[in-house]
Amino acid sequence: MNEIVMQENQQQQQVIQHAARQLEAGMLVAFPTETVYGLGADAENPDAVARIYAAKGRPSNHPVIVHVTPEADLSYWATDIPPQAQQLIAAFWPGPLTLILKRASHIPDAVSGGQDSVGLRCPSHPVAQALLRSFKGGKGGVAAPSANKFGHVSPTTAQHVIDEFPDETGVGGAIAAVLDGGQSEVGIESTIVDLTRLATHGPVLLRPGDISAAQLAEVLGVMPAAPDFAAPRASGTLDAHYAPNTPVVLVASDALASTMQQLKEAGRSFALMSHGQHGKTEALAHLMLPAEPHGYAHDLYADLRALDAAHADVILVEALPDDREWQGVNDRLRRAAFDSRDVLGSLLA
Ligand code: TXA
Ligand code: MG
């Protein structure tokens, strides 16, 4: 290791330690994870957790995920931990998987929105792990939803976090630090599996992500069930979520050319997100993403933000194959487009 790299590492260590002290003091810290950036608070301090809800503008009955170190003692956080949890942890932690378990009685229900469960995740990002190891000597948990305003696109860079919270990240704002760990590798939020109702429902996939249902099934021996009405509430599972300000509309590949033509004739502007070549278009901005789920997920949120900045009347997204490997990406796109399903009609009227 050369001297400059060593100095940078030392500086980074100091920044992380300072952030851990801020968390211990009840302040908010935004930090990178391999999925998206999180807005963190001490999970055992209800006042600190309340600051997350206030900053995000999120209803306080929505639970947040508690992030722990790889060395964490899960029995501190959860009770009745089933063998399936250990199997999934052995296969996927540290990594983009959140487990919903029965909450230990001394863990404040502020982190679970009043439900008797707790969501636990051990992130693989080195900056997240360094922060967790410094915070309360590695024995604490950091409650962190994605670091965006409620319902908006999740951040995958430190700059996105600052763009989301211009006031809160300024001097004297509620967010004491924003740690920069580069662009999040995975790009969409963790896969969430509910293991609290195994006897009646089996494992339930509450939110698809980079770890697919098929990968979970390989470890669990059964395909996880789709969420039912009794499933724990999860804001990432609301119909409308992950949305930029510009309306998003999903359009089948073979309908794209005619849709763009109609918009042009109606005098409407559009931005385009495709995964195939579409030659020259009239789009105000056009981004082409990889035609492969991991690469697409990696770029998805940053590209939605970039297209949003074009201030077009609509963002057209070329629809993706409706198969299992695209489940996580399709889930996010469907929720981003949910509120704008009637937009094309009114733009073309
Ligand atoms: O990848 C991720 O999971 C990111 C990073 C920061 O770790 N976090 C994230 O948090 O996406 P958030 O709050 O935006 O989404 C967490 C989801 C929510 O839909 C929440 O309701 C659900 O997890 N969740 C958390 N704890 C839960 C619990 N006890 N029961 C049911 N759902 C829970
Ligand atoms: Mg979120």
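Residues numbered from 1 in each chain as written. Chains lettered and ligands numbered in written order. Predicted model: local features only at pLDDT ≥ 70, side-chain atom pairs only at ≥ 80, totals over all residues. Heavy atoms only, no water.

K.L.:
I tried to follow the overall build of the protein on my own but got confused; where do I start?
P.N.:
A tally of regular secondary structure across the protein gives twelve helices and 14 strands. A globule of 349 residues ought to have a C-alpha radius of gyration of about 20 Å, and the protein, at 21 Å, matches this closely. Projected onto its principal axes, the C-alpha coordinates of the protein cover approximately 60 × 50 × 40 Å. Scored against the burial criterion, the 349 residues of the protein give a buried share of 54%. Long-range contacts, defined as pairs at least 24 residues apart, comprise 69% of the intrachain contacts of the protein with a sequence gap of at least 6. Counting every atom, the protein has about 14900 Å² of accessible surface; 51% of that belongs to carbon and sulfur. Side chains of the protein give 23 positive and 39 negative charges; the mean places of these two sets differ by 5 Å. (Helix = DSSP H or I, 4+ residues; strand = E, 2+ residues; numbered from the N terminus. Rg over C-alpha atoms; globule rule 2.2 N^0.38 Å. Buried < 20%, exposed > 50% of the residue type's maximum accessible area, 1.4 Å probe, protein only. Contact = heavy atoms within 4.5 Å. Areas by Shrake-Rupley, 256 points an atom, 1.4 Å probe, with all protein chains shown as cover. Lys, Arg positive; Asp, Glu negative; His and termini not counted. Charge placed at Lys NZ, Arg CZ, Asp CG, Glu CD.)

K.L.:
Hey, could you run me through the domain arrangement of the protein in this one?
P.N.:
Think of interface size as the accessible area that goes away when the parts come together; that is how it is often given. Domain parsing of the protein yields domain 1 (2-220) and domain 2 (248-348). Listed as interface residues are 22 residues of domain 1 and, on the opposing side, 14 residues of domain 2. With both chains or domains summed, domain 1 and domain 2 bury close to 1500 Å², and 54% of this area falls on carbon and sulfur atoms. Looking at the side of domain 1 facing domain 2, the largest losses of area belong to Val153, Ile188 and Pro208, adding up to 34% of the total buried there. Remark: the boundary between domain 1 and domain 2 carries two salt bridges. Across the pair arginine 332 and glutamate 189 runs a salt bridge whose closest N-O atoms are separated by 2.7 Å. The tally of links between domain 1 and domain 2 comes to eight residue pairs in polar contact (both at pLDDT 80 or more). Counting only elements with at least two residues in the side of domain 1 that touches domain 2, the list comes to helix H6 (158-164) and strand E10 (204-207). (Domains from an automatic or database assignment. Buried area = accessible area lost by both parts, 1.4 Å probe. Salt bridge = Lys/Arg side-chain N within 4 Å of Asp/Glu carboxyl O. Polar contact = N/O pair within 3.5 Å; in protein donor to acceptor, adjacent residues only side chain to side chain.)

K.L.:
Help me understand the UniProt feature "binding site: ATP" (unreviewed entry) in the protein in this model?
P.N.:
When the UniProt feature table is mapped onto this chain, "binding site: ATP" (unreviewed entry) is found at Arg58, Ala144, Ser146, Ser154, Arg207 and Tyr242. For arginine 207, a relative accessible area of 9% gives the class buried. A polar contact of 3.0 Å, which involves the side chain of arginine 207, links it to the backbone oxygen of serine 190. Counting through the fold element by element, tyrosine 242 comes out in the loop between helix H8 (213-220) and strand E11 (248-251). In this structure tyrosine 242 comes out as buried when scored by relative accessible area, which is 2%. (UniProt positions renumbered as here; feature names shortened; annotations may be inferred.)

K.L.:
Whenever I open this one, the sheet that holds E11 confuses me. Can you help?
P.N.:
Backbone-to-backbone hydrogen bonds join strands into a sheet, with any given pair of strands oriented parallel or antiparallel. Taking strand neighbours across the sheet as the criterion, the four strands line up as E11-E14-E12-E13 in an open arrangement whose pairing is parallel. The sheet is open, and its two edges are formed by E11 and strand E13 (286-288), each paired on a single side. Neighbour-to-neighbour, the strand axes of the sheet open up by a mean angle of 20°, direction not taken into account. Here four bridges tie strand E12 (residues 270-274) to strand E14 (residues 314-318), and the two strands are oriented parallel to one another. Within E14, the residue paired with phenylalanine 270 across the bridge is valine 314. With respect to the sheet, helix H9 (residues 253-265) is in contact with E11, E12 and E14, its orientation differing from that of E14 by roughly 160°. Docked against the sheet, helix H11 (residues 327-337) engages E11, E12 and E14, running at close to 125° with respect to E11. (Pairing = 2+ DSSP bridges. Axes fitted to C-alpha atoms, helices over the stretch in contact; angles between N-to-C directions.)

K.L.:
Is there a simple way to explain the pairing of strand E1 (residues 28-31) in this structure?
P.N.:
Note on strand geometry: in a regular strand, side chains alternate between the two faces of the sheet. Where burial is concerned, the two faces of E1 agree: the one with Leu28 and Ala30 and the one with Val29 and Phe31 are both buried. Note that E1 and strand E8 (residues 175-178) share three bridges and pair parallel. Directly across from leucine 28, in E8, lies its bridge partner isoleucine 175. With three bridges joining them, E1 and strand E2 (residues 38-42) adopt antiparallel strand pairing.

K.L.:
Where do I start with a negative patch on the surface in this structure?
P.N.:
A contiguous patch of negative charge, built from Glu292, Asp322, Asp323 and Glu325, is present on the exposed surface. Residue position: aspartate 323 is located in the loop between E14 and H11. (Patch = residues over 30% accessible without salt bridge, like charges linked within 9 Å, V, L, I, M, F, W, Y side chains within 5 Å.)

K.L.:
Just to check I follow, could you spell out H9 for this structure?
P.N.:
Owing to its 3.6 residues per turn, the α-helix brings residues three or four apart onto one side. For H9, the set of buried residues is Leu256, Thr259, Met260 and Leu263. Each buried residue of H9 sits inside an arc of 100° when the element is viewed along its axis, so together they form one side. Counted as exposed and oriented over 90 degrees from the buried face of H9: Asp254, Ala257 and Glu265. Along its buried surface, H9 packs onto E11, E12, E14 and helix H12 (343-348). Glycine 267 sits one or two positions beyond H9 and adopts a positive phi of about 75°. (Arc of directions from axis to C-beta.)

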